[in-house]
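Breakdown of the fold
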Number of protein chains: 2
Amino acid sequence: MADESSALFTDQYELTMLTAALADGTAGRRCSFEVFGRRLPNGRRYGVVAGVARVLDAVADFRFTGTQLDGLLAADIINAPTAEFLADYRFTGDIIGYVEGEPYFPYSPLLTVTGTFAEAVLLETVVLSILNHDSAVAAAAARMVSAAGDRPIIEMGSRRTHEEAAVASARAAYLTGFTATSNLEAGMRWGIPTTGTSAHAFTLLHDTEQAAFESQVAAMGVGTTLLIDTYDIGQGIETAVRVAGPKLGAIRIDSGDLAAVAHQSRAQLDALGAIGTKIVVSGDLDEFAIAALAAAPVDSYGAGTAVVVGSGVPTAGLVYKLVEVDGRPVTKRSENKGSVGGRKLAYRTHRASGTATGELAVQASAGHQPSDSDRLLSVDLMREGQRLFDASLEESRAHHQAAMAVLPWEALKLSKGDPGLDVSVS
Amino acid sequence: MADESSALFTDQYELTMLTAALADGTAGRRCSFEVFGRRLPNGRRYGVVAGVARVLDAVADFRFTGTQLDGLLAADIINAPTAEFLADYRFTGDIIGYVEGEPYFPYSPLLTVTGTFAEAVLLETVVLSILNHDSAVAAAAARMVSAAGDRPIIEMGSRRTHEEAAVASARAAYLTGFTATSNLEAGMRWGIPTTGTSAHAFTLLHDTEQAAFESQVAAMGVGTTLLIDTYDIGQGIETAVRVAGPKLGAIRIDSGDLAAVAHQSRAQLDALGAIGTKIVVSGDLDEFAIAALAAAPVDSYGAGTAVVVGSGVPTAGLVYKLVEVDGRPVTKRSENKGSVGGRKLAYRTHRASGTATGELAVQASAGHQPSDSDRLLSVDLMREGQRLFDASLEESRAHHQAAMAVLPWEALKLSKGDPGLDVSVS
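We now turn to the structure provided with this report. (Residues numbered from 1 in each chain as written. Chains lettered and ligands numbered in written order. Predicted model: local features only at pLDDT ≥ 70, side-chain atom pairs only at ≥ 80, totals over all residues. Heavy atoms only, no water.)

Attention now moves to the nonpolar core. For soluble globular proteins, nonpolar side chains are generally found buried alongside one another. Leu-15, Phe-64, Leu-111 and Phe-117 of chain A together with Phe-64, Leu-111 and Phe-117 of chain B are the most contacted members of the largest nonpolar core, which totals 252 residues. With sequence-adjacent residues up to four places away left out, Phe-117 of chain A is seen in contact with Met-17, Ala-21, Thr-26, Ala-27, Arg-29, Cys-31 and Phe-33 of chain A together with Ala-201, Phe-202 and Leu-205 of chain B. (Core = buried A, V, L, I, M, F, W, Y, C linked by side-chain atoms within 4.5 Å. Buried < 20%, exposed > 50% of the residue type's maximum accessible area, 1.4 Å probe, protein only. Contact = heavy atoms within 4.5 Å.)

Given below as structure tokens:
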């Protein structure tokens, strides 16, 4: 069912509100809902928009099947008029927003859905589920890519998260510059490069470590990566080079003090003549552990848990708030949960040198005239229900890299601090 | 594709190991892989096994389609002999383990997969994805249920997590005693009660709060729950009772100092004669916030983010380790990542009074004779590829409640501490 329809990735209250609005005549009011975050978590300096293509897929698939409607009627969740409305439901409104891979900041209006109340209110949950998950992973992944510098970094966290979230996580990580993923479904579904060689189980399966290495080299060639820390690392490296020869592709270290072990291993490999053999490290790496390995002789990183759980921040904290009804800005009045009414367009402002200086979020109705160095961030993603955004994942990845490259230097620091850019909302 | 086959929820290294093992003749060795956790995170005192039924579904659906095999061959991830093996893949081994809802502790052998190396190694990622996600949610949810005491608690976190993870989260929360979920797909797929009334957007849609309340009451009856904190809470309650009358079902408060507001709201409702109107609170509730509201006049809780992200622990930290090859126990030797070899059976031991005292994990080959007060935790879930576990979600929910009821009192504390039971592994 999930593959045919995204319509039940929905909180029940959306159908309750729809039912009441259909009855009282307000269902057809023209509304804009805005997705934004009130803060960046944990003193982070930027967020990264991810999941936009998945959101547009979900909107296109937001159709109620007969089985779904029968179930909702039988459970008394909807009445007959609501069922009739839902049977014909297709989103026919407009969506503008930040493209995939774009950095964002507190109050960046990163997605705005405009349509009748009826058609727009129903999308709240699925839109937020996708953006909150994928953007949380992307924000953490971008920091790891930044910490890794020029060294490749592989996403291998599938086993630590829900099986479908794993596929979306691999996608979000690749978007931000990860080199590859271990997840085969992500490779098949999204065209992401996949990689993987062996686990400790493969060594334990064999009578000796040497037998395991011989088998792997016979099957994969000497360019493979041998996992050398099942028993004793020094002995493992000696055996690995003896079996594969000095052209061994790489060794992987998954335990211990990685910096110390990398130095020892590099020295041992060099002494054995395996000067071209690379060192891959993995094992509970987050952005801080990766940064701490910058001076160690490491050639690439494998990051797992920390990527898929957003390195301490598993959800991006984005909300979907009604900001405009029939051209009238609306806001909720409550102490810590304020929002700014009105449908907005956002621009990123830049110095003449090209460095970004801030964001402006201006009322769409205001007819703001941008300067030449301003970049419009709110692009047409869907108009009258027709999808206009079709960037490939590779294109979005390139966009992310370009947009990050012009952020001010302070915005890229791993340490806690203020948001890298201020968003001026008017 | 995901609905037909779970086979690509898999890390590539499993196929690499399979390829090498098929070539060297070790693929047919009889292996047992054990799922366990080395510690309970954050000083928690118990974990909760969740996702067992989903694991067994995924094992049954672990079949490679022609399209998948063509893709793997084209990407040079597998060779022709491996493709031939995978084309006929069906898991034909045995799975024993803890039933869904069972509490567990460090080194509890909560799932053991036995079969040829080839058939068992391939299941690592999908088994761990499901158990790590669902058990993380269940562990957090169980603590919230415990904190809520006799008051109902509703899961409403879908928007904060991946859209499919949301469905699994609703299931895991219900397993531990949550009363209902907001997630409609969880209702449809798993038969979980669903609930939901309205959001702030519904009030903002209307010209006045009164118009919104009148519409909701007209559609849903006076038994509905009105959200009264869009503008001013005192005014909202006054309007709510004026519109619905003193038989108003409930009010929901989603912001502010919930304890203080609940006391004020209760007094105001009582003064207005709405003595039967209930108070529902929501807004960033975790187990500690719920516990802190124990003395406040609150009738039920809505918990969102904290449930679906495991209240600070979004993954359960479970691993899938090879423990036995052709009857020989195997273990990796590394400092912080030890495991105990051998296929094991686990028993929970109890005092004569019925209170649990610990767990024994004994070698399956040892022929341990349990005493009358011991309960075998390792039950047959699948034998020779045939599923034997078919408890309904309601039955698993009842099992969870019964198993929690006999844990020692210290094991149920929210504060950080040692695991509630020790697991003695021999």
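Let's pick the thread back up.
Now for the interface of chain B and chain A. Opposite the 90 residues of chain B that make contact, chain A presents 90 residues. Carbon and sulfur atoms make up 60% of the surface buried where chain B meets chain A, a total of about 7,600 Å² over both sides. Taken as a group, Arg-159, Leu-184 and Leu-205 of chain B account for 11% of the area that chain B buries against chain A, more than any other trio of residues on that side. Summed over the shared surface of chain B and chain A, the result is ten salt bridges. Close ionic contact of Asp-11 of chain B with Arg-159 of chain A constitutes a salt bridge, the shortest N to O distance being 2.8 Å. Linking chain B to chain A there are 44 residue pairs in polar contact (both at pLDDT 80 or more). In terms of residue count, helix H1 (residues 12-24) of chain B provides more of the side of chain B that touches chain A than any other element does, nine residues in total. (Buried area = accessible area lost by both parts, 1.4 Å probe. Salt bridge = Lys/Arg side-chain N within 4 Å of Asp/Glu carboxyl O. Polar contact = N/O pair within 3.5 Å; in protein donor to acceptor, adjacent residues only side chain to side chain. Helix = DSSP H or I, 4+ residues; strand = E, 2+ residues; numbered from the N terminus.)

As a further point, take the packing of aromatic side chains. Within the structure shown, the criterion is met by 14 aromatic pairs over all chains. Measuring from ring centre to ring centre gives 5.4 Å for Phe-62 of chain A and Tyr-89 of chain A, while their planes differ by 65 degrees; the resulting arrangement is edge-to-face. Of this pair, Phe-62 of chain A sits in the loop between helix H2 (52-60) and helix H3 (66-74) while Tyr-89 of chain A sits in the loop between helix H4 (80-87) and strand S3 (94-97); the two residues are 27 residues apart in sequence, bridging distant segments of the chain. Tyr-89 of chain A shares its class with Phe-62 of chain A; the two are buried. An aromatic cluster is present here, built from Phe-62, Phe-64, Phe-85 and Tyr-89 of chain A joined pairwise through their rings. When the ring centre of Trp-190 of chain A is taken as reference, the NZ or CZ atom of Arg-171 of chain A above it lies at 4.4 Å. Above the face of the Tyr-174 of chain B ring, Arg-397 of chain B is positioned so that its terminal group lies 4.0 Å from the ring centre. (Phe/Tyr/Trp six-rings, centres within 6.5 Å; stacked < 30°, edge-to-face > 60°. Lys NZ or Arg CZ within 6 Å of the ring centre and 35° of its normal.)

Before going further, it helps to examine the sheet that holds strand S6 (residues 153-155) of chain B. Residues and elements named next belong to chain B. With respect to topology, six strands assemble into an open sheet ordered S7-S6-S11-S10-S9-S8, the strand pairing being parallel. Two strands in the sheet have a free side with no partner beyond their single neighbour: strand S7 (180-181) and strand S8 (225-227). Note that strand S10 (residues 278-281) and strand S11 (residues 300-303) share two bridges and pair parallel. Looking at the pairing, Val-281 lines up with Tyr-301 of S11. (Pairing = 2+ DSSP bridges.)

Let us look at the relation of the copies chain B and chain A. The operation relating chain B to chain A is a screw motion whose rotation component is 180 degrees, with 0.0 Å of axial translation and a residual RMSD of 0.0 Å. The operation mapping one copy onto its partner corresponds to a two-fold rotation axis. A share of 100% of the interface residues of chain B reappears at the interface of chain A, consistent with the copies meeting face to face through the same patch. (Least-squares fit on C-alpha atoms with pLDDT ≥ 70 in both.)

As a further point, take the pattern of salt bridges. Applying the stated criterion to the full structure yields 42 salt bridges over all chains. Two residues, Arg-189 of chain B and Glu-164 of chain B, come together in a salt bridge whose shortest N-O distance is 3.0 Å. Here the residue Arg-189 of chain B occupies a position in helix H8 (residues 184-190), and Glu-164 of chain B occupies one in helix H7 (residues 163-175), the gap between them amounting to 25 residues. What you see here is one network of salt bridges that share partners, running through Glu-102, Arg-348, Glu-359 and Arg-375 of chain A.

Helices that pack against each other are described as a pair by the angle of their axes relative to one another and the distance between those axes. Residues and elements named next belong to chain A. It is at 10 Å that the axes of helix H11 (residues 233-244) and helix H12 (residues 258-271) come closest, and there the two elements cross at 35 degrees. Helix-helix and strand crossings are classified by hand; for H11 and H12 the assignment is right-handed. Taken together, the residues of H12 that come into contact with H11 (itself represented by Ile-233, Gly-234, Ile-237, Glu-238 and Val-241) are Val-261, Ser-265, Gln-268 and Leu-269. For the contact of H11 with H12, the per-class residue count stands at five nonpolar, three polar and one charged. (Axes fitted to C-alpha atoms, helices over the stretch in contact; angles between N-to-C directions. Left-handed = near helix turned anticlockwise from the far one by under 90°. Nonpolar A, V, L, I, M, F, W, Y, C, P; charged D, E, K, R; others polar.)

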